[in-house]
Structure formats: C-alpha cells, structure tokens
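Below, each chain spelled out in residue letters.
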Amino acid sequence: MLLQKNPTGRKMAFNGTWKIDRNENYEKFMEAMGVNMMKRKLGAHDNLKITFQQDGKKFTLKESSNFRTIDIEFTLGVDFEYSLADGTELTGSWNLEGNKLVGTFTIKDNGKVLKANREIIGDELVQTYIYEGVEAKRIFKRA
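Residues numbered from 1 in each chain as written. Predicted model: local features only at pLDDT ≥ 70, side-chain atom pairs only at ≥ 80, totals over all residues. Heavy atoms only, no water.

Peer 1: Account for the sheet that holds strand β4 (residues 69-75), with residues named and values stated.
Peer 2: As summarised here, the arrangement of the ten strands in space is β4-β3-β2-β1-β10-β9-β8-β7-β6-β5, forming an open sheet in which the pairing is antiparallel. Looking along the sheet, the strands with just one partner apiece sit at the ends: β4 and β5 (80-83). Direction aside, the axes of adjacent strands within the sheet are offset by 30 degrees on average. Bridge count for β5 against strand β6 (residues 89-97) is four bridges, and the pairing is antiparallel. Looking at the pairing, Y82 lines up with L90 of β6. (Pairing = 2+ DSSP bridges. Helix = DSSP H or I, 4+ residues; strand = E, 2+ residues; numbered from the N terminus. Axes fitted to C-alpha atoms, helices over the stretch in contact; angles between N-to-C directions.)

Peer 1: Lay out the pattern of salt bridges with the relevant residues and their values.
Peer 2: Evaluated as defined, the whole model comprises twelve salt bridges. Its salt-bridge partner being E63, residue R118 comes within 3.8 Å of it at the nearest N-O pair. On the criterion of sequence distance, the pair formed by R118 in strand β8 (residues 113-121) and E63 in strand β3 (residues 58-64) is long-range, its members being 55 residues apart. With respect to class, R118 is no different from E63; both count as buried. (Salt bridge = Lys/Arg side-chain N within 4 Å of Asp/Glu carboxyl O. Buried < 20%, exposed > 50% of the residue type's maximum accessible area, 1.4 Å probe, protein only.)

Peer 1: Can you explain the pairing of strand β2 (residues 49-55)? Please cite residues and give values.
Peer 2: Here β2 shows a clear split, with I50, F52 and Q54 buried on one side and none of K49, T51, Q53 and D55 buried on the other. The pairing of strand β1 (residues 16-24) with β2 spans four bridges and is classified as antiparallel. Counted as the bridge partner of G16 is F52 from β2. When β2 meets β3, the two strands line up antiparallel, connected through seven bridges. Bridged to Q53 within β3 is T60. Where β2 folds back onto β3 in an antiparallel hairpin, the turn is made up of two residues, including G56, whose phi is positive at roughly 65 degrees.

Take a look at the structure:
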C-alpha cells in the first residue's frame, strides 16, 4: 500500500475512501445508545462510505450513507461538535496515538462518554466504539 507523508514525515494511512464491509455487535451498541429498533435495523445496513483527507493535524472527512452525506473537519486535540445519523449530538476530539485515531466524546443530552478508535489493521479500517460497557466494531475496506 502506498502511503503519503505529511510535512512532519508521518504516514497518512487513513487518506482515501473506505466502504463499510461488516459490523460486529453494532446493533447492541446502538441499543445501548438508545437508538430505536427501526433505526438500528436501518443503521446496520447504511452502506457507509468515509473519505479521509489528512493535512498534518487537520482532517477533512466526507461521510456518505443511505441516510445522509456530511462533511466534517477537525484538528487533532481540538474539541468540535458532531451529530450522529440518529440525531444524537456530541462534543469531543480526536487524537493520534501511534497509528491510531482515538476519540473521546460526550453526549450532550446525558453527559455520558462515547469512546471511539480508528486504526488500519492489514488492509482494513477498523472503527471501534465503546459506550456504557458495550463495544462494537465497524470494519471498512478501501473503495
């Protein structure tokens, strides 16, 4: 796999477009988040595609699914606001720990914490979510 390097020499393995391949425990995770059954069923089959563009500490993402297309910009270590597809509003930040993006977010309406990790394992992008003790993974392949 050819990896670009940013000006600091760090590899930018996330760059490119990733398409959802499979989920692990995702419906249980959505249930813990309070997502109703209909939205859980739809969310498990959302055909999510994420395009990453990293420029140093700044990331630009485009998330496209059956339900919405949004553009997200964030800088590592800087809090920002984000809404999940079901409308849940979060605030938090992403940091780079080694080759892993590590996110800590607080849900605005209940103050509970959602943890998220993104890492490249082999030729896959693995997103891991942890909320209230429930862990789920969404695994993506390059599109």
